[in-house]
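A look at the structure
One-letter residues, chain by chain:
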Amino acid sequence: MHEEFLLKEIYFDDFKTIYLLNNKLASLSFTALCALLLINAFNMCDGINGLAHSIAIFWLTTLTLIFNLNITFYFIISIILLSLIFNIKGKYFLGNSGSLLLGTFISLITIYHYNHSKPSILFLLELSST
């Protein structure tokens, strides 16, 4: 696994502490645990029509706004929105592979941008807590 997809530190805003994951095994284990929990959550919420799509759209829109991502994320969001319409009508469903793909994609994108753009996230967390 690439270093940019591993969580190297965890910041808790409430406690004002940063936990460094200096050990590669600890970093890999914690990253895998977080990614697998998110992937499992997407797999479990796929049973209700439109729920996994709606969560993915919300999550990607939030990431796009926080990290000022490029236009390709708007394209991905619009594809998921289009598939949401068919999912709500009952003509299309994600299934296991679709929900696992969505969960994996969102977890990797979130971890990557968390490692590269922490100040903007921390700034938004500080604004929301006041």
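**Considerations on the overall build of the chain**
Counting its secondary structure elements, the chain contains 5 helices and 2 strands. Its helices and strands taken in sequence order, the chain reads β-β-α-α-α-α-α from the N to the C terminus. In the chain, which comprises 130 residues, the share counted as buried stands at 34%. Looking at the chain alone, contacts between residues at least 24 apart form 63% of all its contacts between residues at least 6 apart. Summed over its atoms, the accessible surface of the chain is roughly 8300 Å², and 72% of this surface lies on carbon and sulfur atoms.

**Quick word on the packing of helix H1 (residues 24–45) against helix H2 (residues 51–67)**
Remark: H1 packs on H2, axes separated minimally by 8 Å, with the N-to-C direction vectors making an angle of 140°. Classified by the angle between their axes, H1 and H2 sit oblique to one another. Counting all contacts with H1, which are made through Leu-38, Phe-42 and Cys-45, the residues of H2 involved are Leu-51, Ala-52, Ile-55, Ala-56 and Trp-59. Taken together, the residues of the contact of H1 with H2 sort by class into 8 nonpolar, no polar and no charged.

**A short note on the environment of Tyr-74**
Tracing the sequence through the fold places Tyr-74 in helix H3 (residues 71–88). Spatially, the C-alpha atom of Tyr-74 lies 8.0 Å from that of Thr-64, the residues being 10 residues apart in sequence.

**Observations concerning the nonpolar core**
Ranked by size, the top nonpolar core spans 18 residues in total, and within it Phe-42, Ala-56, Leu-60, Leu-63, Ile-80, Leu-102 and Ile-106 carry the most contacts. Mapped by element, the contributors of at least two residues to this core are H1, H2, H3 and helix H4 (95–116). The biggest single contributor to this core is H2, with 6 residues. Residues in contact with Ile-80, not counting those within four places in the same chain, are His-53, Ala-56, Ile-57, Leu-60 and Leu-102. Grouped together as the second largest cluster of nonpolar side chains are 5 residues, Leu-7, Ile-10, Leu-21 and Tyr-114 included.

**Brief notes about a nonpolar patch on the surface**
A grouping of Leu-82, Ile-85, Phe-86 and Tyr-92 is seen on the molecular surface, where their side chains present a nonpolar patch of about 370 Å² in accessible area. Within the element layout of this structure, Ile-85 appears in helix H3. Ile-85 sits in the partly exposed class, given a relative accessible area of 42%.

**Here we look at the side chain of Thr-64**
Relative to the elements of secondary structure, Thr-64 occurs in helix H2. Here Thr-64 is in contact with Leu-69, Phe-73, Tyr-74 and Ile-77, once residues within four sequence places are set aside.

**Regarding the side chain of Ser-83**
Residue placement: Ser-83 occurs in helix H3. Residue classification places Ser-83 among the buried positions, given a relative accessible area of 14%. A polar atom in the side chain of Ser-83 sits 2.8 Å from the backbone oxygen of Ile-80. In contact with Ser-83, not counting residues within four places along its chain, are His-53 and Tyr-92.

Conventions adopted
- Residues numbered from 1 in each chain as written.
- Predicted model: local features only at pLDDT ≥ 70, side-chain atom pairs only at ≥ 80, totals over all residues.
- Heavy atoms only, no water.
- Helix = DSSP H or I, 4+ residues; strand = E, 2+ residues; numbered from the N terminus.
- Buried < 20%, exposed > 50% of the residue type's maximum accessible area, 1.4 Å probe, protein only.
- Contact = heavy atoms within 4.5 Å.
- Areas by Shrake-Rupley, 256 points an atom, 1.4 Å probe, with all protein chains shown as cover.
- Axes fitted to C-alpha atoms, helices over the stretch in contact; angles between N-to-C directions.
- Parallel < 35°, antiparallel > 145°, perpendicular 65-115°, else oblique.
- Nonpolar A, V, L, I, M, F, W, Y, C, P; charged D, E, K, R; others polar.
- Core = buried A, V, L, I, M, F, W, Y, C linked by side-chain atoms within 4.5 Å.
- Patch = residues over 30% accessible without salt bridge, like charges linked within 9 Å, V, L, I, M, F, W, Y side chains within 5 Å.
- Salt bridge = Lys/Arg side-chain N within 4 Å of Asp/Glu carboxyl O.
- Polar contact = N/O pair within 3.5 Å; in protein donor to acceptor, adjacent residues only side chain to side chain.

All we've got here are geometric facts, nothing functional implied.
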